[in-house]
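Survey of secondary and tertiary structure
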There are 2 protein chains.
Amino acid sequence: MTFEYGSIPKPEDVDIVIPTIRNLDFLEQWRPFFEKHKLIIVQDGDPSRVVQIPPGFNYELYNRNDIERILGKKADCISFKDSACRCFGFLVSKAKYVYTIDDDCFVAEDPEGNKINALEQHLKNISTPSTPFFFNTLYDPFAPGSDFVRGYPFSLREGVETVVSHGLWLNIPDYDAPTQLVKPAERNTRYVNAVMTVPKGSLFPMCGMNLTFNREVIGPAMYFGLMGHGQPLGRYDDMWAGWCTKVICDHLSLGVKTGLPYIWHSKASNPFTNLKKEYKGIFWQEEIIPFFQSVTLSEDCQTVCDCYLELAQKVGEELSDLDPYFSKLSKAMITWIEAWKELNPEASSEPLPASK
Amino acid sequence: MTFEYGSIPKPEDVDIVIPTIRNLDFLEQWRPFFEKHKLIIVQDGDPSRVVQIPPGFNYELYNRNDIERILGKKADCISFKDSACRCFGFLVSKAKYVYTIDDDCFVAEDPEGNKINALEQHLKNISTPSTPFFFNTLYDPFAPGSDFVRGYPFSLREGVETVVSHGLWLNIPDYDAPTQLVKPAERNTRYVNAVMTVPKGSLFPMCGMNLTFNREVIGPAMYFGLMGHGQPLGRYDDMWAGWCTKVICDHLSLGVKTGLPYIWHSKASNPFTNLKKEYKGIFWQEEIIPFFQSVTLSEDCQTVCDCYLELAQKVGEELSDLDPYFSKLSKAMITWIEAWKELNPEASSEPLPASK
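If you're wondering where the values come from, they're calculated on a predicted model, not measured in any experiment.

Our focus in this paragraph is the packing of aromatic side chains. All names here are of chain A. In total, this model carries 44 aromatic pairs over all chains according to the counting rule given. Ring centres 5.7 Å apart and planes at 40° place the aromatic pair W243 and F292 in the tilted group. With W243 in helix 7 (residues 237-252) and F292 in helix 8 (residues 271-294), the pair connects residues that are 49 residues apart, well separated along the chain. In this pair, the class of W243 matches that of F292, namely buried. Through a chain of ring-to-ring contacts, three or more aromatic side chains come together here, namely Y236, W240, W243, W284, F291, F292, Y325 and F326. Cation over ring: R157 sits above F154, and NZ or CZ is 3.7 Å from the ring centre.

This is the structure in structure tokens:
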């Protein structure tokens, strides 16, 4: 469908949040695409380690000491020694959009050999509507040269606001530890030239490696949970955020797209370490996913913050039998929203449950 | 996921159903891929017109006289002077699978310039499971070099039986008349190298131009309705079959895939003629689609025939206020199942509602 890109965001509207940077090549490769944006780097481990940022970038660097100084007691909701700490960057950003990317993700090439400006594609995805209520067989109807096919109801063609753009990975695919162990040599070489809406009612595995979202709208749902140091779980931070986000998007009629752009994922993480982090999640998710597939939010939840607080409450009620961890996580979800409202006072003026 | 193609169908397991052939080039182009299969050609107009089939093909040709001879009074459920008559071919086939294709669809090329054996890709799609309960961001996890990504629940990786493979079209996209009129020059040049499952709960616009299905399982739902001569509607035959099929697949946990293979769609049909055929459908579908999105089938409907009969009854009850056409269509849907059971006695031994 012909769509006027009225509002492709300006560089100052988009911050780039990176959980940590151990690789100087990373910023050099992305320089042409990132240097007009503010980088927010959230250092995940020892605060005394020095993170080197090459000259010419506009950045803010936060370590654990900064997180504790800024959030006080609420810092407990931010994971330590885990890339899940990246969500602190979402809290402190003032931009409308966030692009978050891992430091082992490099610039990919399309089949014609052109370097892919991933962020530009994300901003196209997020500036055009999503169509979650009916499947379009020619993929994104707002892509150039495409449209809605015969039989697509006209009343649904306006679509809904897109708030998440989930990009993919060439080279090392985002596999769990068991699949990594079984298929150590598998590489993703298939460039699929498509963007599509994840349909309403379908959950998807949201990966945080190459992800853009509308922080002003869906930011409060992008909490990456309690992972890493002192927690029984790792590598489920982005999954958790994805499940919560999708349930809330479906409730509020907001859109999620997946597909292009690709980045080049350079390095498989250690499958043995990953298995240790993941193994509880692998069986917990067999109960968590049916919970998210069936949970319903009440009609009067009309803001993302309200939806998230109701979801936090239901997590506490319905998942804590699985493990006491989910009671702790439920409380952390509430703390996260308190922190969000403190740092983003425009997000909501409603009183928090705790202060009622 | 590694999957043993234990049962790629043999040529005698797959019939090719073509609504009519006005173009001799069509069969010559497809000869290398079609000549081992039986062709079932259903002539849609004047029975006295001679349809020329080049030598070397194994075929059955049915015209209106044959349809009336074989079905007697039940022939009323088969459309006349409309390509919707193709579903008669589904009735009389004895093969496990059907590939149906229009005579303006030619062999396409992939981006490397290789001629695409569309049927072979369809049979790969239909011989591997579908995954309708959770979205896989790397598309078909059973494609070579692909798998389920991190966060995909292991209990859902076995998938379900695929019964429909919906292929796409390069060159002339399958647009409705209003879109054709607005974008007369648009061509589909985007080769998307992916196959995916249409998620549970999502309807999709099923096009009959390039479609394979498991006739033994889902055949009774592949009724192309009452279109063309004496009917108020055209160009909704495949859409109708697609809505019914998807609702029944969701109820019975059967899978529908869309994406590869592409064919080359050579010729846009006349948009003015199309508008005349479609215009009632364009506003009717605004009520039909909410009906299909919300209809539920009862627990005791455990065969496709039973599901279809219950759906026929609900169409009669819930859509006939929209237009008396839907009462007629509801009765034709029941006649279709009677005809199906007569010609396919193994389909079901249950008594029909009419004979109870």
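Picking up where we left off.
A separate point is the UniProt feature "glycosylation site" (unreviewed entry) in chain A. Listed under "glycosylation site" (unreviewed entry) in the UniProt record, and renumbered for this structure, are R150(A). The residue R150(A) is located in the loop between helix 4 (118-127) and strand 6 (162-171) in this model. Within the structure, R150(A) has its side chain in polar contact with the backbone oxygen of R235(B) (distance 2.9 Å).

Least-squares fitting of chain B to chain A yields an RMSD of 0.0 Å, with the transformation described by 0.0 Å of translation along the axis and a rotation of 180°. Viewed as a symmetry operation, the transformation between the two copies matches a two-fold axis. Residue V192(B) of chain B places its C-alpha closer to the rotation axis than any other residue of that unit, at 2.8 Å. Comparing interface residues between copies, 100% of those in chain B also sit at the interface in chain A, which points to an isologous, same-surface contact.

On to the UniProt feature "site: Required for activity" (unreviewed entry) in chain A, then. Residues annotated in UniProt with the feature "site: Required for activity" (unreviewed entry) correspond here to R150(A) and R157(A). When near neighbours in sequence (up to four residues on either side) are disregarded, R150(A) contacts D174(B), Y175(B), D176(B), P205(B), C207(B), R235(B), D238(B), M239(B) and E278(B). By the element assignment, R157(A) lies in the loop between helix 4 and strand 6. Engagement of the side chain of R157(A) in a polar contact is seen with the side chain of D176(B), the distance being 2.9 Å.

Looking now at the pairing of strand 2 (residues 38-42) of chain B. A regular strand places its side chains on the two faces of the sheet in alternate fashion. Residue and element names in this part refer to chain B. Within strand 2, 4 of the 5 residues are buried, which leaves the element mostly enclosed by the surrounding structure. Both strand 1 (residues 14-18) and strand 2 contribute to a ladder of 4 bridges, which runs parallel. In the sheet register, D15 faces strand 2, and the bridge partner there is K38. Taken together, strand 1, helix 1 (residues 24-34) and strand 2 form a β-α-β motif whose crossover is right-handed. Both strand 2 and strand 3 (residues 58-62) contribute to a ladder of 5 bridges, which runs parallel. Bridge pairing in strand 3 links V42 to Y62.

A few words on the interface of chain B and chain A. Taken residue by residue, the interface counts 61 residues in chain B and 61 residues in chain A. At the boundary of chain B with chain A, total buried surface from both sides reaches about 5,100 Å², with 56% on carbon and sulfur atoms. The largest per-residue losses of area from chain B upon contact with chain A belong to F135(B), R150(B) and R190(B), which jointly make up 17% of the total buried on that side. The shortest N-O distance in the salt bridge between D147(A) and K183(B) comes to 2.7 Å. When residues of the side of chain B that touches chain A are traced back to their parent elements, those giving at least two are strand 6 (162-171), helix 5 (177-182), helix 7 (237-252), strand 9 (255-265) and helix 8 (271-294) of chain B. In terms of residues, the side of chain B that touches chain A owes the most to one element, helix 8 of chain B, which gives 6 residues. Among the residues making up the side of chain B that touches chain A, the classes are represented as 33 nonpolar, 15 polar and 13 charged.

This part takes up the packing of helix 7 of chain B against helix 9 (residues 304-319) of chain B. Residue and element names in this part refer to chain B. Orientation of helix 7 relative to helix 9, taken along the N-to-C sense of each, is 125°, at an axis distance of 10 Å. Of the possible angle classes, the one that applies to helix 7 and helix 9 is oblique. For the crossing formed where helix 7 meets helix 9, the hand is right-handed. Only V304, C307, Y308, L311, V315 and L319 of helix 9 make contact with helix 7, whose side of the interface consists of W240, C244, V247, I248, H251 and L252. A breakdown of the residues in the contact of helix 7 with helix 9 according to their chemical character gives 11 nonpolar, 1 polar and no charged.

With that settled, consider the pattern of salt bridges. For the structure shown, the criterion picks out 36 salt bridges over all chains. Where R150(B) meets D238(A), a salt bridge forms, and the shortest distance between an N and an O atom there is 2.7 Å. With one member in each of two chains, R150(B) in the loop between helix 4 (118-127) and strand 6 and D238(A) in helix 7 form a pair that bridges those chains. Both residues of the pair, R150(B) and D238(A), belong to the buried class. Of the charged contacts in the structure, one is a salt bridge between K246(B) and D250(B), with a shortest N-O distance of 2.9 Å.

A word on a nonpolar patch on the surface. Residues and elements named next belong to chain A. On the surface, L181, V182, F272, L275, Y279 and F283 cluster together into a nonpolar patch covering about 620 Å² of accessible area. Only helix 5 (177-182) and helix 8 provide two or more residues apiece to the nonpolar patch. Examined against the element boundaries, L275 turns out to sit in helix 8. Residue class for L275 comes out partly exposed when judged on its relative accessible area of 32%.

Residue and element names in this part refer to chain A. For H37, the position within the fold is in the loop between helix 1 (24-34) and strand 2 (38-42). One polar contact links the side chain of H37 to the main-chain carbonyl oxygen of V14, over a distance of 2.9 Å. Not counting chain neighbours up to four residues away, the residues in contact with H37 comprise P11, V14, I16, N58 and L119.

Procedures and definitions
- Every chain is numbered independently, its residues counted from 1 as its sequence is written.
- The order in which chains are written sets their letters, starting at A; the order in which ligands are written sets their numbers, starting at 1.
- Where totals are concerned, whole chains, interfaces and linings use all residues; where local detail is concerned, this predicted model gives features only for residues with pLDDT of at least 70, and gives and counts side-chain atom pairs only at 80 or more.
- Here the side-chain values reflect all heavy atoms present in the structure, with hydrogen atoms and water set aside.
- Aromatic pairs are defined between Phe, Tyr and Trp rings, using the six-membered ring for Trp, whenever the two ring centres lie within 6.5 Å; interplanar angles under 30 degrees are classed as stacked, those over 60 as edge-to-face, and all others as tilted.
- The numbering of helices and of strands both runs from the N terminus, where a helix is a DSSP run of H or I of at least 4 residues and a strand a run of E of at least 2.
- For every residue, the accessible area (1.4 Å probe, protein chains only) is compared with the maximum for its type, and the residue is labelled buried under 20%, exposed over 50%, or partly exposed between those bounds.
- Geometrically, a charge over a ring is one whose NZ (Lys) or CZ (Arg) sits within 6 Å of the ring centre while staying within 35 degrees of the ring normal.
- UniProt positions are given in the numbering used here, feature names are shortened, and annotations may be inferred rather than shown by experiment.
- Distance and chemistry together define a polar contact, namely a pair of N or O atoms within 3.5 Å, with one atom able to donate a hydrogen and the other to accept it when in protein, and with adjacent residues in sequence counting only for side-chain atoms on both sides.
- Only residues with pLDDT of at least 70 in both copies contribute their C-alpha atoms to the least-squares superposition of the copies.
- Any two residues whose heavy atoms approach within 4.5 Å at even a single point are treated as in contact.
- For two strands to pair, DSSP has to find at least two bridges joining them.
- Orienting the strands away from the viewer, one traces the path from the first strand over the helix to the second; a clockwise path indicates a right-handed crossover.
- As used here, buried area is the combined drop in accessible area, with a 1.4 Å probe, of two parts when they are placed together.
- Whenever a carboxyl oxygen of Asp or Glu lies within 4 Å of a side-chain nitrogen of Lys or Arg, that contact is scored as a salt bridge.
- Throughout this entry, Asp, Glu, Lys and Arg are counted as charged residues, while Ala, Val, Leu, Ile, Met, Phe, Trp, Tyr, Cys and Pro are counted as nonpolar. The remaining residues, Gly among them, count as polar.
- Note on method: axes are straight lines fitted to C-alpha atoms, helices fitted across the in-contact stretch only, with angles between N-to-C directions ranging 0 to 180 degrees.
- Angular relationships are summarised with four words: roughly parallel below 35 degrees, roughly antiparallel beyond 145, roughly perpendicular across 65 to 115, and oblique for the angles in between.
- The hand of a helix crossing depends on one turn: near helix anticlockwise from the far one by less than a right angle means left-handed, and clockwise means right-handed.
- For patch detection, residues must exceed 30% relative accessible area and be free of salt bridges, and they are connected within 9 Å for like charges or within 5 Å for nonpolar side chains (Val, Leu, Ile, Met, Phe, Trp, Tyr).
- In these tables, accessible area is a Shrake-Rupley quantity obtained with a 1.4 Å probe, and a residue counts as shielded only by the protein chains included in the view.

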